[in-house]
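Structure assessment
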Amino acid sequence: MKLYVIVPLCALFTLTQQAPSPRDKCACELTNSDKAFPHDKLGSVETNALKCNSNITPQKTLELESLLLGLERRLPQLQDDVSMLEREDDGDLYAVISLQVIENELREIKLFMDRLNSTTLGHQHLTADTSKQLEELKAEMQELETYDIMQVVKTQRANKDLKKELDQCSNGLHATIQPTQPPQGNCPHGEFLNITGPRVYTAGEYPGSYKYGAWGQDPKPQVGKESWYWLVMLTSSNRYAHYVRLYSSLSSLIVGVSTPGNVQISPSNPTTNTIQGPNVVLYGGELYYNCYNLDSVCRFNLTSQTVDTLQLPKGTRFNSKGNFCHLDECYPFTDLDLATDESGVWVIYTTTQDFGNLVLSKVEESEPLRLGRTWHTSVLKQGVTNTFMACGVLYATRYLNKELEEIFYSFDTTTGEQRFNIGIFIKKMSPNIYALNYSPVDQMLHAYCDSYMVSYKVLFNRNGYADNVFY
């Protein structure tokens, strides 16, 4: 019985190996009655859809809203400046400067109007072109759908609609109230969005004389000094300063008329209470700076002219051993960077135990001075050119080229989140920014650049809308 099974299999195997004769060949011809699918047209539709998506972006809408909001805020400011000129016109230097300021504001408003008209016209053309393209794409897709004889697309669309309805039903049965997420750093202005400007660019009273320094406004001014500005220049060896210079207004600072003048910290440089390095701030009528030859913060009271000191943690680098740097240069004696924001004074530094990474500490306004909470970051200080605080968030900049500086890093003290992809650019008027101070009073960023004073407006995103303007 087994032999009977094997023999037919062997015979079959032998038979399949034999070459067929020519007359055993057969040929089949397949004829497709349907039209050939137009692959070229599908590729064209995909390309046009991609172009349409690239032309319509959220940034275009944000740009228009920003221009409108910026213009809305500029007009009342112009009205205030004109009113102030009418009240305080002395017929002399002040009137000339005020007229120049008003003339500059009018010029900027005209630029805003031109930009707004151009943007609006561009959006109108874009809307018309996009509407036409969408109609054409819709017609082409309807034509392509006729090739779907098995109705795959129609079935997929029906399934998608059914799934959406099921999800809505499920969400309705198990609805939960999502907790409100606080903005980054609990900032009252919203998310830090961009930098505009420069708004101010001046050589001030001593054009080209003092390469290193800092300037700005007191975020917590004394009564009657709300419009005052301060200036500290490193007048000795690009390292030391022994006084702070005060100006009663921005116009006075621009033209170099210092009233009430200097408030002296020490009689000469260098001595015990000398300012060392450019990274200083004024807060609550008190100047905070790196004490001479010490790993400490000094606080100089402008009224009582007394100095308190705050010892930083052991291992803090000082005397130009923990500077801000870029590839071509390190900024000398920038070991300690003082900063202000809505909550007060901060100090940014580095230590040996942190291997050169930035360390951030809150300076508590107490008697005596004391160091509050401290945060340790993952960014190397020598890869940073400057830092500043805004709404409890530390921001760090780096040098790109002579024209641009980038805000590339942030550390949120509320959440502990670090980001290395901020990507906000500062248009520089000089190659180097040696000091950068944020003023929470008017959300201005004050930079001291190779003896020039420059200011920028910080653009926040309040409730999803920009509260300032790009330009």
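Quick caveat, the model's predicted, so the values are computed rather than measured.

1. Here's the deal with the overall build of the chain
A count of helical and extended segments in the chain gives six helices and 26 strands. Here the chain holds 471 residues, and the buried ones make up 42% of them. Considering only contacts within the chain whose residues lie at least 6 apart along the sequence, 55% involve residues at least 24 apart. Counting only carbon and sulfur atoms, one obtains 55% of the accessible surface of the chain, whose full area is about 26100 Å².

2. Quick look at the sheet that holds strand β17 (residues 370-380)
Pairing is antiparallel across the open sheet formed by four strands, whose spatial order is β14-β15-β16-β17. The two strands at the open ends of the sheet, each matched to only one other strand, are β14 (337-341) and β17. Recorded for the sheet is a direction-independent mean angle of 25° between the axes of neighbouring strands. Strand direction decides the pairing type here: strand β15 (residues 344-350) and strand β16 (residues 357-364), joined by six bridges, are antiparallel.

3. Concerning the state of the cysteines
Under the definition given, this model contains two disulfides. A sulfur-sulfur separation of 2.1 Å characterises the disulfide bridge that pairs Cys 291 with Cys 298. Negative torsions about the S-S bond denote left-handed disulfides, and the value of about 120° found for Cys 291 with Cys 298 makes this one right-handed. Cys 298 matches Cys 291 in its accessibility class, with the two residues each being buried.

4. Some thoughts on the pairing of β15
The buried fraction of β15 is high, at seven of seven residues. Two elements, β14 and β15, share five bridges in a ladder whose sense is antiparallel. Within β15, the residue paired with Asp 341 across the bridge is Gly 344. Hairpin connection from β14 to β15: two residues lie between these consecutive antiparallel strands. Following β15, the chain reverses through six residues before pairing antiparallel with β16; Phe 355 in that reversal takes a positive phi of roughly 55°.

5. Digging into the packing of aromatic side chains
Each aromatic ring pair is summarised here by two numbers: the centre-to-centre distance and the angle between the ring planes. For the coordinates displayed, the defined rule picks out 13 aromatic pairs. An angle of 25° between the planes, with centres 5.1 Å apart, marks the rings of Tyr 201 and Tyr 452 as stacked. Of the two residues, Tyr 201 sits in strand β1 (residues 191-202) while Tyr 452 sits in strand β25 (residues 452-462), which places them 251 residues apart along the sequence. Ring centres 6.1 Å apart and planes at 25° place the aromatic pair Trp 215 and Tyr 229 in the stacked group. Taken together, the residues span a long stretch of sequence, with Trp 215 in strand β2 (residues 213-216) and Tyr 229 in strand β3 (residues 229-233) at a distance of 14 residues. A relative accessible area of 1% places Trp 215 in the buried class. Note that Lys 362 overlies the ring of Trp 346, its terminal NZ or CZ placed 5.5 Å from the centroid. For the cation-ring pair, Lys 381 lies above Phe 324, with the distance from its terminal atom to the ring centre recorded as 4.5 Å.

6. Things to note about the environment of Ile 254
As for its placement among the helices and strands, Ile 254 is situated in helix α6 (residues 250-255). When the C-alpha atoms of Ile 254 and Met 453 are compared, they prove to be 8.9 Å apart, with 199 residues separating the residues in sequence. When residues no more than four places from it in sequence are discounted, the contact partners of Ile 254 are Val 200, Thr 202 and Gly 204.

7. Quick notes on the confidence of the model for the chain
Across the chain, the average pLDDT comes to 81, with 80% of residues at 70 or higher. At the low end of the mean pLDDT range in the chain sits helix α1 (residues 2-16), at 43; at the high end sits strand β9 (residues 286-290), at 97. Across residues 1-17, confidence stays below pLDDT 50; counting only partners more than four residues off in sequence or on other chains, it has zero contacts. Taken together, the stretch residues 464-471 has pLDDT below 50 and engages in 42 contacts with residues farther than four places along the chain or on a different chain.

8. Topic: unusual backbone geometry
Here the amide bond leading from Thr 259 into Pro 260 is cis, since omega sits at 15°, within 30 degrees of zero. Its place among the elements puts Pro 260 in strand β6 (residues 260-264). The omega torsion across Glu 367 and Pro 368 is -5°, close enough to zero to call that bond cis. With respect to the helices and strands, the residue Pro 368 is situated in the loop between β16 and β17. In the Ramachandran plot, Phe 333 falls in the positive-phi region, its phi being about 60° despite a non-glycine side chain.

9. Focus: a nonpolar patch on the surface
A contiguous nonpolar surface patch, about 180 Å² in accessible area, is contributed by Ile 254, Val 255 and Val 257. On the accessibility criterion, Ile 254 (33% relative accessible area) is partly exposed.

10. Let's talk about empty space enclosed by the protein
On inspection of all chains with the given rule, the structure shows three cavities of 30 Å³ or more. Here the largest cavity is characterised by a volume of approximately 50 Å³. In terms of lining, the largest cavity is formed by Ala 203, Gly 204, Glu 205, Tyr 206, Tyr 210, Leu 231, Met 233, Tyr 448, Ser 451 and Met 453. The class makeup of the residues in the lining of the largest cavity is seven nonpolar, two polar and one charged.

About the cut-offs
Residues numbered from 1 in each chain as written. Predicted model: local features only at pLDDT ≥ 70, side-chain atom pairs only at ≥ 80, totals over all residues. Heavy atoms only, no water. Helix = DSSP H or I, 4+ residues; strand = E, 2+ residues; numbered from the N terminus. Buried < 20%, exposed > 50% of the residue type's maximum accessible area, 1.4 Å probe, protein only. Contact = heavy atoms within 4.5 Å. Areas by Shrake-Rupley, 256 points an atom, 1.4 Å probe, with all protein chains shown as cover. Pairing = 2+ DSSP bridges. Axes fitted to C-alpha atoms, helices over the stretch in contact; angles between N-to-C directions. Disulfide = S-S within 2.5 Å. Phe/Tyr/Trp six-rings, centres within 6.5 Å; stacked < 30°, edge-to-face > 60°. Lys NZ or Arg CZ within 6 Å of the ring centre and 35° of its normal. pLDDT = per-residue confidence, 0-100. Patch = residues over 30% accessible without salt bridge, like charges linked within 9 Å, V, L, I, M, F, W, Y side chains within 5 Å. Salt bridge = Lys/Arg side-chain N within 4 Å of Asp/Glu carboxyl O. 1 Å grid on protein atoms, 1.4 Å probe; cavity = no way out; pocket = protein on both sides within 12 Å on 5 of 7 lines; lining within 4 Å. Points joined across faces, edges and corners; volume = space filled by probe spheres on them. Nonpolar A, V, L, I, M, F, W, Y, C, P; charged D, E, K, R; others polar.

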